[in-house]
Amino acid sequence: MKTMLMSANYAAARAVVSARVEVVAAYPITPATTVPEQIALLDEEGIYKGEFIRVESEHSAMFACIGASSAGARAFTATSSNGLLLMDEALHWAAAARLPIVLANINRSVSPSWNIHVTHDDSMSKRDTGWIQFYVASVDEFYHTIIQAFRLAEDERVLMPVMVSADGFVLSHTVSPFDYLEPEEVDEFLPPYKPPHWVMDPDNPISHGNIVFPEYYQEFRYQMHEGSKNSLKVYPEIEAEYKKLFGKYFGGMIAQHRCDDAEVVFTAQGTVGAEAIDAVDELREQGYKVGVARIRMYRPFPVEEIRKLASHVKAFASFDRGVSYGFGGHAANDIRAALYHSPHRPFVKSYIGGLGGRDVTVEDIKEIILATVRAVETGELGPEETWHDLLE
Amino acid sequence: MVAIREMPMKEYVLKGNAACAGCMDTLSLRHALKALEGDVIQVVPACCTSVIQSLWPKSGLGVPVLNTAFMAAAATASGVRAALKVKGRDDTQVMVWAGDGGTFDIGIQALSGAFERRTDFLYVCYNNQVYSNTGTQRSGATPLYAQTTTTWYGKTEPEKMLDLVVAAHEPAYQATANAAYPRDLYDKFRRAREIHGPKFIHIFIPCPQAWNYPVEKGVEVGKLAVETGYWILWERIGDEFRLSPQSKRYQDPSKRKPIEEFLKLQGRFSRLFKPKKDEKKIAELQAYVQHRWDILLRTFT
Amino acid sequence: MPKSPYSVPVVGSTGKTGSWRTFDPVIDYDSCSRCRTCWLYCPEASIDLEEDGTPHIDYDYCKGCGICAQVCPKKCIEMVRTTERTGAK
Ligand SMILES: Cc1ncc(C[n+]2csc(CCOP(=O)(O)OP(=O)(O)O)c2C)c(N)n1
Ligand code: SF4
Ligand code: SF4
Ligand code: SF4
Ligand SMILES: [Mg+2]
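Residues numbered from 1 in each chain as written. Chains lettered and ligands numbered in written order. Predicted model: local features only at pLDDT ≥ 70, side-chain atom pairs only at ≥ 80, totals over all residues. Heavy atoms only, no water.

**Regarding the interface of chain A and chain B**
Reasoning step 1: Contact with chain A, which involves 36 residues of that partner, is made by 40 residues of chain B.
Reasoning step 2: Interface of chain A and chain B: buried area, both sides summed, is about 2,900 Å²; carbon and sulfur atoms make up 65% of it.
Reasoning step 3: Counting the contacts that link chain A with chain B gives five salt bridges.
Reasoning step 4: For A:Asp203, the salt bridge identified is with B:Arg89, shortest N-O distance 3.2 Å.
Reasoning step 5: Viewed at the interface, chain B and chain A are joined by twelve residue pairs in polar contact (both at pLDDT 80 or more).
Reasoning step 6: Sorting the residues of the side of chain A that touches chain B by element identifies strand 3 (51-53), helix 3 (58-70), helix 5 (88-96), strand 9 (207-208) and helix 9 (214-246) of chain A as the ones contributing at least two each.
Reasoning step 7: Its residues assigned to classes, the side of chain A that touches chain B shows 19 nonpolar, ten polar and seven charged. (Contact = heavy atoms within 4.5 Å. Buried area = accessible area lost by both parts, 1.4 Å probe. Salt bridge = Lys/Arg side-chain N within 4 Å of Asp/Glu carboxyl O. Polar contact = N/O pair within 3.5 Å; in protein donor to acceptor, adjacent residues only side chain to side chain. Helix = DSSP H or I, 4+ residues; strand = E, 2+ residues; numbered from the N terminus. Nonpolar A, V, L, I, M, F, W, Y, C, P; charged D, E, K, R; others polar.)

Below, the structure written as structure tokens:
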């Protein structure tokens, strides 16, 4: 292990080397572009040993990954926003074919208007594709989560593709030190990919994906659902092993800070969840019993963890950097759904903000937490959702 | 040309599959796979060939088939090729087997990208000139005046000259074939097999369902396409162009049968003959035959 | 159930497709020249050849398209109503 100083995107390219990825297929889009750029350089300099297919679209990028993974190769791509949306058909395909592809998504707003800054609508609109989803908050976490993602995706109990999302610019282009692992160091944790289910091989000519009638289709979908949910068991095992091997741990499926005795817990995905640590610490100093729960694994949704938190908090302040138009914040909706059958149902206040890359500061977060504290005090939940910092 | 008795007996298109009776697509695939002797990973986008394979958990094809999305055949094949390269299996063919819809229309971007990247694979377009899978809608390969379920009174534009588009990518090997000439087709697949780089074979596939001709007449219809000069058999190894013997004699327009003979066998052209013969439109199609010859020879010779 | 829908090659993936037929190809072996043209053109691969080229129709799978009868240079394949050949009603 050695320390490197790089942007998150460059670190992601390094994760591809560390994980001994065999095929990368990617297409440029801001702010993900520097991932394929850096992989190209590592490829041309012989540091990345696999194949890099410089495809002509993101749709082709994901289908090239599908082809590669189907033939038994470890495959990776990176994209953002419109690129992720163009992949839609392929995302569903990869998941249903049970191909353990890893995708680094750099969250960016969806057009129109053109806006290259962070909003989570791109990946959140892909929650239902079957892909396991992580949201990360630091360069180091991005790098190591990509490595972990391969192990999780390839686990026989899971066999689902994994998407690791990082906030555009705020994280993707932030330069920060991270702990780099040589491929030799990673080998023990991540052995070569050997498809345990099916593979394209002329010596054993099975075919994949021909017609399935209604009498069986549902059973395949059920297994996808089970595979996804299995990662709730498998990921903690992987994390424990990773911690043992490399001393790295990023907080489980929901990274918590001062939640144990908290009455109000602020939840968020991505960098806002890390920003909130300072807000919580400042409020703690003022005597407020508050904490932050940063949701790292978003699909499958860590329902049990949310319920555990709900058993001792009085309110959640859920912050979403994206919108399910007509129904509100993605995470707020999911948290509320997770709690419906729970004996403990604290308030879930929903905040939407930071869209299009608008800054979410410590002050913003404090304001949101304090408003939630007031809701607890008055016993009034207030509006179904609040658009934070909305101009008149 | 290969003698029938020299062709491998082993079958990779297995009997009892889901193709229509008289399917010229399965006939072509049968000989293509014999030529490749099964050392192939076949990539199939949405098309009739996705159906022919039959229902899960059975397959009617004795080679590994990776079914993929309609517009993604060449991209999927690119990934398969890259994986094989990493695994050191350079001799295994990666073959796309796509319909005209998946090639002329929705798949053309991926096709262009894969060829520009000089991907070592064989892209086969089996051209039945229509979207058969979804019930006979027009495609970019549907000829002028052919009736389809989206051009009930006949298509108003001629087909795209896809071969020229492909040629612009300077493939390592390019050929046209015709299901009615399986030995020529077999030879072309044998030649393609020996060449590395992007390769393209474009097969003319009469379809009894979509063209509405008597099911036993597939070979006759296919041969008429060549004998009228409508479908030209040729190949190109690098820059070296040659007309295949079956078409060579029809370079001379006086040797060609009138296009009408090809048209009148097929229900899809019935409006050219009923309620009364439309001489003008038939003449237009006849003239188009020469136009294609002129362009082809001007481009390649 | 496997995790995802992969398929294994089998003869008869769609069952005994011979049941699709209304006409059966019947070979007149006295006229047959063993030229193998019928074998070459059968889309279904349902004509088996003996070493010497003698063709045999596999009626379990032959779909009765009639292409073999059309291409036979000796015109020695006749399409006969299935009910007549088998005597079935
Ligand atoms: C994105 C997408 N759009 C539409 C379809 C529906 N579709 C499936 S096959 C097909 C037509 C295929 O035509 P062609 O490629 O000519 O093959 P053929 O069926 O004629 O063999 C269409 C429109 C699809 N599967 N995917
Ligand atoms: S519709 Fe035409 S191409 Fe498709 S399976 Fe039937 S005969 Fe073959
Ligand atoms: S095509 Fe006719 S003559 Fe030739 S082998 Fe077949 S049945 Fe005999
Ligand atoms: S009728 Fe058709 S399927 Fe049957 S043997 Fe002849 S060519 Fe083959
Ligand atoms: Mg077609």
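After that view, the rundown keeps rolling.
**A word on the state of the cysteines**
Reasoning step 1: Overall, the coordinates contain zero disulfides over all chains when judged by the stated rule.
Reasoning step 2: For the unlinked cysteine B:Cys47, the closest cysteine sulfur is that of B:Cys48, found at 6.8 Å. (Disulfide = S-S within 2.5 Å.)

**What to know about the site of ligand 3**
Reasoning step 1: Close to ligand 3 lie 13 residues; C:Cys32, C:Cys35, C:Arg36, C:Cys38 and C:Cys72 are nearest.
Reasoning step 2: Its residues assigned to classes, the shell around ligand 3 comprises eight nonpolar, two polar and three charged. (Near = heavy atom within 4 Å.)

**Re helix 9 of chain A**
Residue and element names in this part refer to chain A.
Reasoning step 1: A rise of 1.5 Å per residue sets the reference length of helix 9, with its 33 residues, at 48 Å; its end C-alpha atoms lie 47 Å apart and thus fit the reference within 8%.
Reasoning step 2: Lys 233 marks the point of greatest bend in helix 9, at about 40°, and the proline Pro 236 comes within the next four residues.
Reasoning step 3: The first or second residue beyond helix 9 is Gly 247, which carries a positive phi of 70°. (Expected span 1.5 Å × (residues − 1). Bend = angle between axes of the 7 residues up to and from the residue.)

**A few points about the interface of chain B and chain C**
Reasoning step 1: Contacts between chain B and chain C engage 43 residues on the former and 36 residues on the latter.
Reasoning step 2: Both sides of the chain B and chain C interface together cover about 3,000 Å² of buried area, and 60% of this is carbon and sulfur.
Reasoning step 3: Considering only the surface of chain B that becomes buried against chain C, B:Ile4, B:Lys15 and B:Trp56 emerge as the three largest contributors, covering 25% of it.
Reasoning step 4: Our count for the chain B to chain C interface comes out at two salt bridges.
Reasoning step 5: The partner of C:Asp58 in a salt bridge is B:Lys15, with the nearest N and O atoms 2.9 Å apart.
Reasoning step 6: The tally of links from chain B across to chain C stands at 21 residue pairs in polar contact (both at pLDDT 80 or more).
Reasoning step 7: Counting residues per element, the ones that place at least two in the side of chain B that touches chain C are helix 1 (24-36), strand 2 (58-59), helix 7 (182-194) and helix 9 (218-227) of chain B.

**A short note on the site of ligand 2**
Reasoning step 1: Looking at ligand 2, the residues that line it are B:Cys20, B:Cys23, B:Cys48, B:Asn128, B:Ser132, B:Cys207, B:Pro208 and B:Gln209.
Reasoning step 2: A per-class count over the shell around ligand 2 returns five nonpolar, three polar and no charged.

**A short note on helix 3 (residues 73-87) of chain B**
Residues and elements named next belong to chain B.
Reasoning step 1: With 15 residues, helix 3 ought to run about 21 Å at 1.5 Å a step, and its terminal C-alpha atoms sit 21 Å apart, in line with that.
Reasoning step 2: Counting buried positions along helix 3 yields twelve of 15 residues, so the element is predominantly enclosed.
Reasoning step 3: Within the sequence span of helix 3, burial applies to Ala 73, Ala 74, Ala 75, Thr 76, Ala 77, Ser 78, Gly 79, Val 80, Arg 81, Ala 82, Ala 83 and Leu 84.
Reasoning step 4: After helix 3 finishes, the residue Gly 88 shows a positive phi value of roughly 75°. (Buried < 20%, exposed > 50% of the residue type's maximum accessible area, 1.4 Å probe, protein only.)

**Digging into the packing of aromatic side chains**
Residues and elements named next belong to chain B.
Reasoning step 1: Per the stated rule, a full pass over the model turns up 29 aromatic pairs over all chains.
Reasoning step 2: Judged by centre distance (6.3 Å) and plane angle (75°), the ring pair of Phe 115 and Phe 200 falls under edge-to-face. Here Phe 115, found in helix 5 (residues 108-116), pairs with Phe 200, found in strand 7 (residues 198-204); they are 85 residues apart in sequence, far enough to count as distant. The exposure classification of Phe 115 matches that of Phe 200, with both residues buried. (Phe/Tyr/Trp six-rings, centres within 6.5 Å; stacked < 30°, edge-to-face > 60°.)

**Some points on the packing of helix 3 of chain B against helix 5 of chain B**
All names here are of chain B.
Reasoning step 1: Viewed as axis vectors pointing N to C, helix 3 and helix 5 meet at an angle of 35°, and their least axial separation amounts to 6 Å. Facing helix 3, whose interface residues are Ala 74, Ala 75 and Ser 78, helix 5 presents Ala 110, Leu 111 and Ala 114.
Reasoning step 2: Looking at the contact of helix 3 with helix 5, its residues break down into five nonpolar, one polar and no charged. (Axes fitted to C-alpha atoms, helices over the stretch in contact; angles between N-to-C directions.)

**Here we look at the pattern of salt bridges**
All names here are of chain B.
Reasoning step 1: One pass over the structure, following the stated rule, counts 56 salt bridges over all chains.
Reasoning step 2: The shortest N-O distance in the salt bridge between Lys 188 and Asp 184 comes to 2.9 Å. In this pair, Lys 188 and Asp 184 are both assigned in helix 7, four residues apart and thus about one turn of the helix distant.

**Thoughts on the sheet that holds strand 7 (residues 162-167) of chain A**
The strands making up a sheet associate through hydrogen bonds between their backbones, and the pairing can be parallel or antiparallel.
Residue and element names in this part refer to chain A.
Reasoning step 1: Spatial ordering of the open sheet is given by 3-2-4-5-7-6-13, a layout of seven strands whose pairing is mixed. Looking at strand neighbours, the two that pair on one side only are strand 3 and strand 13 (297-299), the edges of this open sheet. Each adjacent strand pair in this sheet contributes to an overall mean axis angle of 20°, direction not counted.
Reasoning step 2: Direction of pairing for strand 5 (residues 102-107) relative to strand 7: parallel, over a ladder of six bridges. Each residue of the ladder has a partner; that of Ala 104, found in strand 7, is Val 164. (Pairing = 2+ DSSP bridges.)

**Digging into unusual backbone geometry**
Of all residues except glycine, most have a negative phi; of all peptide bonds, most are trans.
Reasoning step 1: Each neighbour pair has its own omega, and for A:Ser111 with A:Pro112 the value is -10°, a cis peptide bond.
Reasoning step 2: Relative to the helices and strands, A:Pro112 resides in the loop between strand 5 and helix 6 (121-124).
Reasoning step 3: Residues B:Lys274 and B:Pro275 are joined by a peptide bond in cis, for which omega reads -5°.
Reasoning step 4: Summarising the element assignment, B:Pro275 is placed in the loop between helix 11 (259-263) and helix 12 (279-300).
Reasoning step 5: Backbone geometry places A:Phe169, a non-glycine residue, at a positive phi of 60°.
Reasoning step 6: Mapped onto the elements, A:Phe169 comes out in the loop between strand 7 and strand 8 (175-180).
Reasoning step 7: Residue classification places A:Phe169 among the partly exposed residues on the basis of a relative accessible area of 24%.
Reasoning step 8: Even without a glycine there, the phi angle at C:Arg34 is positive, about 60°.
Reasoning step 9: The topology assignment puts C:Arg34 in the loop between strand 2 (23-27) and helix 1 (37-41).

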